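So you can see what is in the structure, the chains are spelled out below.
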Amino acid sequence: MRAAAVVTLVAALLGLTCGWRGAAAQTVDGEAGSEEEEVWMEPRQLMQVVEGTSHVVRWFTVLPDVASVTAKVEDERVSRVEAVGPVLNASSLDNFTFSGIVEVSATFIGYNKLRVFLHDDLGSVTGEVEMPMSVLLSYQKLSDLFMMIASVLVAVLYVIMGATLDMKVLALIIKKPIGPLVGIVCQYLFMPLIAFGLAKATFPDNPLGQLGLFLGGSCPGGGASNMWTHLLGGSLDLSIMMTFISTVTAFATVPLWVLLMGPTIVGDANFVIPYKDIAVLVFSLSMPCALGILIAKFLPRVGKVLGKMLTPLTLFNVIFLFTFGVYANLYVFSLFEVKTIFAGFGLPFLGYLSGMGLASLLRLPMKDRVAISIETGIQNMTIAIIILKLTLEAPASELTVVFPAAAVLMTPIPLLVMLIIRRLYLWRRGPQEEEEKTEKEKEMEAKETNGKVESGGGKAEAGGGGTVEKDGNKAKTGGAKEEQTDEGKVERNGTAGVVEGGIDNPGVEVEDTF
C-alpha cells in the first residue's frame, strides 16, 4: 500500500511540474474567481468514492509565504492521508502562488473531511482549506440487490395480506373498538414520541442516527407480533386486527410524523430529508394491499391459493433477512456502538412497557394487554429500511439503516425472557393446578370430553367428529377441547378464534408450529 502511494505521489508530482500545472490552472481559473478565497482544492469535494480506492487532491493558494504543508482527516476509520507532496512554486502565468498534492485513500463507508494546513517558515498556520468527502461500500451493488429483492418480497406479502383479509374483521372492530383503538394510540402516538426522545437523548450530534431510529419507531407493527402474541398467551384476534389497522394507517401516519419531526431532527445538518419521496413510497405500499383486497373480492379462489402461501413466504422472508440480508450488510455490525445497541434495545422495550401500561390503566383483559404490549413494541423495521434505502442518497442510506437493524436484533430479547419465565411458571404451576381442581370442575371436563358443554344462554353439543352445533350453526373443531361463549367465540387451547364473523388467518399455522 505504501509503495503504491509513493508511485502515485511521484507520478502526480511529475505531472504537476511537467505540463499538468497549466491544465490545473485552467480548471481552477473560474473556481478561484472570488478574491477572498486564499486557499482552495481541486476537486472541490470527493463524494461517493468507493472504499479501497486512492485519490490525489491538489491544493492551490495565493498566499505569499508557504514553506510547508500538512494534512489530516476528521475520521481515520473512513479515510486516511497516505502522502503529502512538497510545496511547489507557481510560474508567473499561473493565478496562484504555491500548490501541492495530497493523496488520500478511502477505507470504510461514511462521511469525512480532509483538512490541509499551510505553514510559514516559523511553522505557524497561514492558511487552511477543508474538503468534504463520502465513501461507499465496495460491495454496494450486492447491498442494492438485497434491497430490491426485499422490496419485492414486502410487496408480495402485502398482496397476500390483502387477499387473506376477512371483511368480517372490520365488523368485529366496529363492534369492539376499544382494544384496536388503544393499540393504535400506542403504535402511532407513543412509539414515535418514544423513538424521537430516545434518538435525541442517545444521538444528540448524529442526525442520521436520529432519523433512522425515529423512522423505525414510526412504522407499523410487524408480522412477528402475531407469533409472539400466540406464544405468550395473548389475544391473537386482537393482534391480527392491530397489525392490519397499523399497516393501513401507516400510509398516512408515517409521512405525517416525518414531516412534523423532520425539521427538528435535521437542524443544521448538511443533508435534506426527502419528504415527498418518503410520502410517495409509503403510499405506493398501499397499492399491493389494495390489489390483494380486489383479488379476494373478485377472484376468491385465487385469494385462497394466496392465503396458503402466507406462512411459507413469511418464513422465507425471515430466513432471507437473516442470511443473505446479513451477508449483504455486514458493515452494519462494524458500526454498532454501545449506545446503538442501547437504543436498539430501548425502543422495543419501552414500547412493550407503554402498551402494557395503558392497557392496564384501562383494565383490559390480560390477553388483550399482552397483545397490545407486543404489538406496540414490535415494529416492521423492514419498511423503515426500505424507505431509508430508497429515498436517501448513499452513503446516508446505508448509515441510517444501522439503527433500525439494531432494533431488529434487540426486539426479541425481552420476549424470549418472558417466554422462558412463562414456560417455567406454567410448568411449575401445572401439578398444583391439577390438585386444586374441585370435583365440580372435573365433572365439567368430563362432560366436555363427552361432547356436552353448557355456555351462555345456549347449549353446545360436540359429536365424535368434533362438530359443535349451536342454534343451527356448525363449526368444526377437530376434536379439540373448546368452550362456546354467548358471543360466538371459540376458545381452543387458550387461543381465541371467531366462529361467526371472525378472522381467517393462515399465518396461525406458523405460530402453531412453535
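Residues numbered from 1 in each chain as written. Predicted model: local features only at pLDDT ≥ 70, side-chain atom pairs only at ≥ 80, totals over all residues. Heavy atoms only, no water.

**Q** Describe in detail the pairing of strand E8 (residues 110–119), supporting the description with residues and values.
**A** In regular strands, side chains alternate between the two faces of the sheet. The element E8 is extensively covered by neighbouring structure, given that 7 of its 10 residues are classed as buried. With 6 bridges joining them, strand E4 (residues 68–73) and E8 adopt antiparallel strand pairing. Bridged to Thr70 within E8 is Phe117. Relative to strand E9 (residues 125–136), E8 runs antiparallel, the two sharing 10 bridges. Residue Leu114 lies in a different strand from E9, and its bridge partner there is Met131. From the end of E8 to the start of E9, which pair antiparallel, there are 5 residues, and Gly123 there has a positive phi angle of about 90°. (Buried < 20%, exposed > 50% of the residue type's maximum accessible area, 1.4 Å probe, protein only. Helix = DSSP H or I, 4+ residues; strand = E, 2+ residues; numbered from the N terminus. Pairing = 2+ DSSP bridges.)

**Q** Which residues make up helix H9 (residues 286–298), and what are the values?
**A** The end-to-end C-alpha separation of H9 is 18 Å, in line with the 18 Å expected for 13 residues at 1.5 Å each. What H9 keeps buried is the set Ser286, Pro288, Cys289, Gly292 and Ile295. (Expected span 1.5 Å × (residues − 1).)

**Q** Can you tell me about unusual backbone geometry, naming the residues and giving the values?
**A** Here the residue pair Glu42 and Pro43 is connected by a cis peptide bond, since its omega of 0° sits within 30 degrees of zero. On the secondary structure map, Pro43 appears in the loop between strand E1 (39–42) and strand E2 (46–50). Following Ala394, the chain continues to Pro395 via a peptide bond in cis, the omega torsion being 5°. The backbone phi angle of Gln48 is positive, close to 55°, even though this residue is not glycine. Of note in the backbone geometry, Arg363 takes a positive phi value of approximately 55° without being a glycine.

**Q** So what about helix H4 (residues 178–202)? Which residues, and what values?
**A** End to end, H4 covers 34 Å across 25 residues, agreeing with the expected 36 Å (1.5 Å per residue, within 8%). By the largest-angle criterion, Phe190 marks the main kink of H4, which is about 30°, and a proline, Pro192, follows within four residues. (Bend = angle between axes of the 7 residues up to and from the residue.)

**Q** Kindly report on the packing of helix H7 (residues 236–266) against helix H14 (residues 366–377), identifying the contributing residues and their values.
**A** For the pair H7 and H14, interaxial distance at closest approach is 9 Å and the crossing angle is 30°. Between H7 and H14, the crossing angle belongs to the class labelled roughly parallel. Handedness of the crossing formed by H7 with H14: right-handed. Of the residues in H14, those in contact with Leu238, Ser239, Met242 and Thr243 of H7 are Asp368, Ala371, Ile372 and Glu375. Looking at side-chain class alone, the contact of H7 with H14 contains 4 nonpolar, 2 polar and 2 charged residues. (Axes fitted to C-alpha atoms, helices over the stretch in contact; angles between N-to-C directions. Parallel < 35°, antiparallel > 145°, perpendicular 65-115°, else oblique. Left-handed = near helix turned anticlockwise from the far one by under 90°. Contact = heavy atoms within 4.5 Å. Nonpolar A, V, L, I, M, F, W, Y, C, P; charged D, E, K, R; others polar.)

**Q** Mind laying out the confidence of the model for the protein, listing which residues take part and the relevant values?
**A** A residue-level look at the protein finds 74% of positions with pLDDT of 70 or above and a mean pLDDT of 77. For the stretch residues 1–33, pLDDT sits under 50, and the model shows 52 contacts to residues farther than four places along the chain or on other chains. Scored below 50 in pLDDT, residues 434–442 shows 4 contacts in the model against residues more than four places distant or in partner chains. (pLDDT = per-residue confidence, 0-100.)

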